[in-house]
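Overview (structure and organization)
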2 protein chains.
Amino acid sequence: MIPRLPPVLIWRGGSGGALCLLDQTLLPHRVRYCVCRTAEDAREAIRRLAVRGAPAIGCAAAYAMVLGLRRSKAHGRDGLRRAAETLSARVRSSRPTAVNLGWAVERVRAAVSRSGTGTAAAAAAVALREAHAIMQEERARCEAIGRAGARLLRNGSNVLTHCNAGALATPGLGTALAPIYLAARRGRRLHVWVDETRPVLQGARLTMWELMRARVPATLVTDSMAACLMRAGRVDLVLVGADRIAANGDTANKIGTYGVALLARAHGIPVYVAAPASTFDLAIPAGNRIPIEERPENEITAPGGHRWAPAGARAFNPAFDVTPANLITAFITDRGILFPPYPTSIRNALKNKTG
Amino acid sequence: MIPRLPPVLIWRGGSGGALCLLDQTLLPHRVRYCVCRTAEDAREAIRRLAVRGAPAIGCAAAYAMVLGLRRSKAHGRDGLRRAAETLSARVRSSRPTAVNLGWAVERVRAAVSRSGTGTAAAAAAVALREAHAIMQEERARCEAIGRAGARLLRNGSNVLTHCNAGALATPGLGTALAPIYLAARRGRRLHVWVDETRPVLQGARLTMWELMRARVPATLVTDSMAACLMRAGRVDLVLVGADRIAANGDTANKIGTYGVALLARAHGIPVYVAAPASTFDLAIPAGNRIPIEERPENEITAPGGHRWAPAGARAFNPAFDVTPANLITAFITDRGILFPPYPTSIRNALKNKTG
């Protein structure tokens, strides 16, 4: 873990406990946890971005299953199986793009179903064990991503990152930032250009906050500055996370990633996508099949409640875009670094996805 | 002029009058003029972006010369000549990138010098005539740009624009938006994608405001969304203004323009730069010689006074970037549309720049 950084998720108590989420809508100004006691609490926290980042959302959703099951009025094996199914569909519907959400919820549902328990309390206990396991695994995956990616960073490297794919996006070191933390820990001098990442400003609010706490030198820029930094030779590599990666390597990530990747290509700068196995979705052949969430217009017209567009202004707010695989130099995963051709390297690396 | 849009600059009174500037830092929330009675008032208004946009800055600077000269304690031909020189250097130093500023100030200085007047009042009167002339000419240039550019817009065209190069950036119809206004007036249905243009949000605050007032359909997007709109085939052309154009066609414009132009090239979308003759600087051979203003970090970390980055966060804030000429499809000017090779087409069109 990173010193001076509060954990993103804490499960407090046994199967009667509560899910405490570091409320990321309040960062960097306030460090406050929101306490979720029901599946709906957790679903709402995911929806309003109190917790965000594909791996962290996956963990939160797994715990949401615990919260839902223990309140279930269902009984008997079949009753609880059906309850877990209904619940998983509900939790899954909070946000559409990150595959980790659906993947984690499905894993908990399958564990409950397999267990054949006949009471809500027992089902919740099974779900809790599975949620804890997912969280532990995701944490280990971050470490493995960090080890694999740290080799790509040289002394003096200037990294550009977009959005937040750091410790705040996962239960561990992060995905895109994990290699940076490990390389810095080994004494490498690095500098990170942080895209502010409009509209929700995950770069300005979250990535800057965690890099400053971890004492990694970082400079904030607007999203529109990446191109001129690249042209001036001030970016050595681009390192970003992912919300869902199709079987062919097409990658959905925070809106703006596609533009950054295209600009990097034009300047001969490598683009690395860091993601755990849980973010790959082999069921989707290509990026055009990834569902893209559209979020409220006021995230653009009035960020943080401060309106700066004229009243009545229309805005378009897709939360993600898809970077085609051919713009990605390599994937940094917990199964090692994957190079093109991606359909093959991804399939081989992911053979036992949940193993 | 555009109905329902207040003028950007008004000179109230004779040579004893005042320069009233629509305070664009308050838009779109409040329509208020700031009244400049001294050259320093005007310089400060330019510096803090109360007036912005290369042609509007040029006009404001010309009137700043009037305000400065009439308070001058100099007398005699040589004394006033020297006073005009000192004053022009001072006004010019308010912002470095837009060439219109230096060009307009120099034109007023030369007129005063040529006139050989020996009193401050007479020098101010000469300066006022010149400032009025510059404003009239710039207004006519906007109309000419509009006529030239309207031909490029078809029924149903989707235009993407960055920053504000509209009526609010000039004393007339605007530069990049002038063709849009003229085409709309002729009944063509158009739609404009408006980049919000971080950090100062000229797109969100100003371009949206004036397009909405002019009843041109417009949709606000973050700067990071241009690439995915282009990939989805939702942008037919890019139309932007300029702050300074070198003799070879390299163009300084609002930060982010270079990225937009590069993305447009990658998607086969034409990029048009609209600018009056006054924005071309034949004294500068190429873009790497254009001075680029760096502005305060808090425009990025705390826009409009609302801090969203962590306290102590470092930021880098270049206000402009340079788009190389080879990414520009054509220049739309008051002397017609200029195509490559630019060194020739620009030189030929600009033969009599002040004529």
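Attention in this report is confined to the structure presented alongside it. A quick note: this is a predicted structure, and the numbers were derived from the prediction, not measured.

Basis of the calculations
- Residues numbered from 1 in each chain as written.
- Chains lettered and ligands numbered in written order.
- Predicted model: local features only at pLDDT ≥ 70, side-chain atom pairs only at ≥ 80, totals over all residues.
- Heavy atoms only, no water.
- Helix = DSSP H or I, 4+ residues; strand = E, 2+ residues; numbered from the N terminus.
- Buried < 20%, exposed > 50% of the residue type's maximum accessible area, 1.4 Å probe, protein only.
- Contact = heavy atoms within 4.5 Å.
- Areas by Shrake-Rupley, 256 points an atom, 1.4 Å probe, with all protein chains shown as cover.
- Salt bridge = Lys/Arg side-chain N within 4 Å of Asp/Glu carboxyl O.
- Pairing = 2+ DSSP bridges.
- Axes fitted to C-alpha atoms, helices over the stretch in contact; angles between N-to-C directions.
- Phe/Tyr/Trp six-rings, centres within 6.5 Å; stacked < 30°, edge-to-face > 60°.
- Lys NZ or Arg CZ within 6 Å of the ring centre and 35° of its normal.
- Expected span 1.5 Å × (residues − 1).
- Arc of directions from axis to C-beta.

The next subject is the overall build of chain A. What chain A contains, in helices and strands, is eleven helices and 14 strands. Across its three principal directions, the C-alpha atoms of chain A cover 65 × 50 × 40 Å. Looking at the 355 residues of chain A, the share that counts as buried comes to 66%. Look at the contacts in chain A between residues 6 or more apart in sequence, and 75% of them connect residues 24 or more apart. Of the roughly 12300 Å² of accessible surface on chain A, 50% is carried by carbon and sulfur atoms.

Under the criterion given, the structure shown has 32 salt bridges over all chains. Put simply, Arg 48 of chain A and Asp 23 of chain A hold a salt bridge, and the shortest N to O gap is 3.1 Å. You can see Arg 48 of chain A sitting in the loop between α1 (39–47) and α2 (54–70) and its partner Asp 23 of chain A sitting in the loop between β2 (18–22) and β3 (33–36), a full 25 residues away along the chain. Residue classification places Arg 48 of chain A among the partly exposed positions, given a relative accessible area of 32%. Where Arg 295 of chain B meets Glu 299 of chain B, a salt bridge forms, and the shortest distance between an N and an O atom there is 2.8 Å.

With that settled, the discussion passes to the sheet that holds strand β13 (residues 330–333) of chain A. Paired through backbone hydrogen bonds, the strands of a sheet run either parallel or antiparallel to each other. Residues and elements named next belong to chain A. The mixed open sheet is built from seven strands, whose spatial order is β6-β5-β4-β7-β10-β13-β14. In this open sheet, the two strands that pair with only one neighbour each are β6 (218–221) and β14 (336–338). Sheet twist, expressed as the average angle between the axes of neighbouring strands with direction ignored, equals 25 degrees. Bridge count for β13 against β14 is three bridges, and the pairing is antiparallel. Residue pairing across strands places Thr 333 opposite Gly 336, the latter belonging to β14. Relative to the sheet, helix α7 (residues 202–213) contacts β4 (158–161), β5 (191–195) and β6, its axis offset from that of β5 by approximately 160 degrees.

This part covers the sheet that holds strand β9 (residues 251–254) of chain A. All names here are of chain A. Taken in spatial order, the four strands of this open sheet run β11-β8-β9-β12, and their pairing is mixed. Every interior strand has two partners, whereas the edge strands, β11 (280–281) and β12 (320–323), have only one. Relative to β11, strand β8 (residues 244–246) runs parallel, the two sharing two bridges. Bridge pairing in β11 places Ile 245 opposite Phe 280.

Further remarks concern the packing of aromatic side chains. Here the distance between the centres and the angle between the planes together describe a pair of aromatic rings. Enumeration according to the criterion identifies nine aromatic pairs over all chains in this entry. Taking the centre distance of 6.0 Å and the plane angle of 50 degrees together, the rings of Phe 316 of chain A and Trp 193 of chain B count as tilted. Residue Phe 316 of chain A is located in the loop between α10 (298–301) and β12, and its partner Trp 193 of chain B is located in strand β5 (residues 191–195); the two belong to separate chains. Judged on exposure class, the residue Phe 316 of chain A and its partner Trp 193 of chain B are both buried. Measuring from centroid to centroid gives 4.8 Å for Phe 331 of chain A and Tyr 342 of chain A, while their planes differ by 75 degrees, and the two rings are edge-to-face. Pair noted here: Phe 331 of chain A is in strand β13 and Tyr 342 of chain A is in helix α11 (residues 342–349), with a separation of eleven residues, a long-range link. Stacked on the ring of Phe 316 of chain A, the Lys or Arg Arg 234 of chain B has its end atom at 4.9 Å from the ring centre.

Residue and element names in this part refer to chain A. The end-to-end C-alpha separation of helix α3 (residues 77–92) is 22 Å, in line with the 22 Å expected for 16 residues at 1.5 Å each. When we look at burial in α3, the residues that qualify are Gly 79, Leu 80, Ala 83, Ala 84, Leu 87, Ser 88 and Val 91. Down the axis of α3, the smallest arc covering the buried residues is 165 degrees, so these residues share one side. Residues of α3 that are exposed and angled more than 90 degrees away from the buried face: Arg 82 and Thr 86. Looking at the packing, one finds that the buried side of α3 touches α1, α2, α4 (99–115) and α5 (120–150).

We now examine the environment of Ala 54 of chain A. Assignment of secondary structure puts Ala 54 of chain A in helix α2. Each residue touching Ala 54 of chain A, except ones within four places of it in the same chain, is listed here: Ala 98, Asn 100, Ala 169, Ala 242, Asp 243 and Thr 279 of chain A.

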